[in-house]
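Architecture at a glance
The residues making up each chain are set out below.
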Number of protein chains: 2
Amino acid sequence: MRDSQAAEARPYHHGDLRRALIDAASRLLEAEGPSALSLRAVAREAGVSPAAPYHHFKDKGELLEAVAGEGWTLLDGAIAKARAEAATPADALDEIGVAYVCFARENPAIYRVMYDTARDKEAFPDGMEGNEDSAYCKVRDTFIDAGANPNEVQELELSTTAAWCSAHGLAEMANFKQFQHLKDALGGETAFFRAVFKRLGLAAIRAQD
Amino acid sequence: MRDSQAAEARPYHHGDLRRALIDAASRLLEAEGPSALSLRAVAREAGVSPAAPYHHFKDKGELLEAVAGEGWTLLDGAIAKARAEAATPADALDEIGVAYVCFARENPAIYRVMYDTARDKEAFPDGMEGNEDSAYCKVRDTFIDAGANPNEVQELELSTTAAWCSAHGLAEMANFKQFQHLKDALGGETAFFRAVFKRLGLAAIRAQD
DNA sequence: TGAGCTATCTTAGCGTCGTTCAGATAACAA
DNA sequence: TTGTTATCTGAACGACGCTAAGATAGCTCA
């Protein structure tokens, strides 16, 4: 029941309604879940009429795209942080994987919106290879750091893709009840993630040659 | 614009409306996509009033659960077939993975409903370890066939989980535009799937000891 | 200052949706 | 034949996405 950004700087009519709507959507998303997110509810949360958002977004999908965009930025940051903090490039691969899944677990609703919009567009929204700041490129470069041959482009892309798919799959299923006993046995969710990645070829590049 | 099951055997009021609704939903799902699937549209397709489905399903979610259940049965069958046709147990691991992703690509809407309902329930709907016919158990047993130690239960579960997560991730991203050039370079989508799985630890169990 | 312009926001409304409820209908049991 | 019960319909409610017409208020430039 808070009035969100409504009480802040208000240069003219509402202030930066676009910003306020994205924030309101993110807030509602994590609070109530993706199914409860209606454009009307976002407008209510931001304190404007149901029609107001249409002056800033073509439709509901475009608002969700904006929310997803913020999510990708956050995810890129989490991955960069994990990579920077890892002791060795080889460790970095595992740490990036864990950071990825942890991000998805901590922001489940936004993570879901990120992939819902990606599915609709049938593409990663940050461009992947086209954008050197993208999370994909960070993972790819970490493979190079860990010893992959940067000239074998196709091998490199396949390894990066394989790693990404594993992390996404784990992120989507991490909260399934069937895995609870494994988390308990291994001493926590993060340990479970680590153990799964250990069974995977994230490290295969190291044994390649 | 076909009248679906409406013209078949009709023991009393409508006939087997429950069956007709599930079929109508599956048909609409693949034809129009998940976002276009409304309970009212399903009722229309089946030729009944919007309120009729409520005598067979508690709500829309329960109908989707039934559709998802049929999907899991189909997927289990596809996996069993791939396992049976593989030349060696080691091949079977790769073939199951390819069959899994191909199923998802051929039935994208139903596949999505399968995981949407799974997410809502935070669990695999077929019970996994609890159900020896489940796809999960088939994969796990294939690891045993391929040389995994059946007594190291935890290792076995982690490997199976890792493989499953990879396949799901690939299934969700297989149609992203960014992968088109890899599919072209490798000579088709199936070859792309095979190449990704090759980079993964699906085979790790073979090199374990 | 003030007139006009334009972006912004509101009010009202359309069609659709999920869901409920009272009542009609038809198979079946006695 | 009468009653019981499962099944289906019609009408309705509130919420939704979205649109159109009009009100409002900040900005520009005389």
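These lines cover the structure that appears in this document, whether it is placed above or below. These figures come from a predicted structure and were not determined experimentally. (Residues numbered from 1 in each chain as written. Chains lettered and ligands numbered in written order. Predicted model: local features only at pLDDT ≥ 70, side-chain atom pairs only at ≥ 80, totals over all residues. Heavy atoms only, no water.)

A word on the overall build of chain A. For chain A, the count of helices and strands is nine helices and zero strands. Secondary structure elements of chain A occur, N-terminal to C-terminal, as α-α-α-α-α-α-α-α-α. Sequence separation of 24 or more characterises 61% of the internal contacts of chain A that already satisfy a separation of 6 or more. For chain A, the computed accessible surface area is about 9600 Å², with 51% contributed by carbon and sulfur atoms. (Helix = DSSP H or I, 4+ residues; strand = E, 2+ residues; numbered from the N terminus. Contact = heavy atoms within 4.5 Å. Areas by Shrake-Rupley, 256 points an atom, 1.4 Å probe, with all protein chains shown as cover.)

Residues and elements named next belong to chain A. For Glu122, which is not glycine, the phi torsion reads 50 degrees and is therefore positive. As for its position among the elements, Glu122 is in the loop between α5 (108-121) and α6 (135-145). Residue classification places Glu122 among the partly exposed residues on the basis of a relative accessible area of 34%. (Buried < 20%, exposed > 50% of the residue type's maximum accessible area, 1.4 Å probe, protein only.)

Here we come to the packing of helix α1 (residues 17-32) of chain A against helix α2 (residues 39-46) of chain A. Residues and elements named next belong to chain A. For the pair α1 and α2, the least separation of the axes is 9 Å and the interaxial angle reads 115 degrees. Regarding the angle of α1 to α2, the classification is roughly perpendicular. The element α1 and its partner α2 pack so that their crossing is right-handed. Only Ala41, Val42, Ala43, Glu45 and Ala46 of α2 make contact with α1, whose side of the interface consists of Leu17, Leu21, Ala24, Ala25, Arg27 and Leu28. Split by residue class, the contact of α1 with α2 holds nine nonpolar, no polar and two charged. (Axes fitted to C-alpha atoms, helices over the stretch in contact; angles between N-to-C directions. Parallel < 35°, antiparallel > 145°, perpendicular 65-115°, else oblique. Left-handed = near helix turned anticlockwise from the far one by under 90°. Nonpolar A, V, L, I, M, F, W, Y, C, P; charged D, E, K, R; others polar.)

Let's shift gears to the relation of the copies chain B and chain A. Overlaying chain B on chain A yields an RMSD of 0.0 Å, the required transformation being a rotation through 180 degrees with an accompanying axial translation of 0.0 Å. Classification of the inter-copy transformation places it as that of a two-fold axis. When you check the interface residues of chain B against chain A, 100% turn up at the interface there too, and the contact is symmetric in its surfaces. (Least-squares fit on C-alpha atoms with pLDDT ≥ 70 in both.)

As a further point, take the pattern of salt bridges. Think of it this way: side chains of opposite charge can pair up when their charged atoms draw near. The tally for this structure, following the rule as stated, stands at 34 salt bridges over all chains. Here A:Asp141 and A:Arg140 are joined by a salt bridge, their closest N and O atoms 3.1 Å apart. Taken together, the shared-partner salt bridges in this structure form one network comprising A:Arg112, A:Glu172, B:Asp116 and B:Arg119. (Salt bridge = Lys/Arg side-chain N within 4 Å of Asp/Glu carboxyl O.)

A few words on helix α7 (residues 153-173) of chain B. Across its 21 residues, α7(B) extends 30 Å between first and last C-alpha, which sits within 8% of the 30 Å expected from 1.5 Å per residue. Of all 21 residues in α7(B), 18 are buried, a share of seventy percent or more. (Expected span 1.5 Å × (residues − 1).)

Per the counting criterion, the structure on display carries 22 aromatic pairs over all chains. Taking 6.3 Å as the distance between ring centres and 85 degrees as the angle between the ring planes, the aromatic pair formed by A:Phe124 and B:Phe179 counts as edge-to-face. Residue A:Phe124 is located in the loop between α5 and α6, and its partner B:Phe179 is located in the loop between α7 and α8 (180-186); the two belong to separate chains. Following the ring pairs from residue to residue traces out a cluster consisting of A:Trp72, A:Tyr100, A:Tyr111, A:Tyr115, A:Phe124, A:Trp164, B:Phe176, B:Phe179, B:Phe192 and B:Phe193. (Phe/Tyr/Trp six-rings, centres within 6.5 Å; stacked < 30°, edge-to-face > 60°.)

Residue and element names in this part refer to chain A. Counting buried residues in α6 gives eight out of eleven residues, a clear majority hidden from the surface. Of the residues making up α6, those classed as buried are Ala135, Tyr136, Cys137, Lys138, Val139, Arg140, Thr142 and Phe143. Lining the buried residues of α6 we find α3 (60-85), α4 (89-106) and α7 (153-173). Phi for Gly147, located one or two positions after α6, is positive at around 120 degrees.

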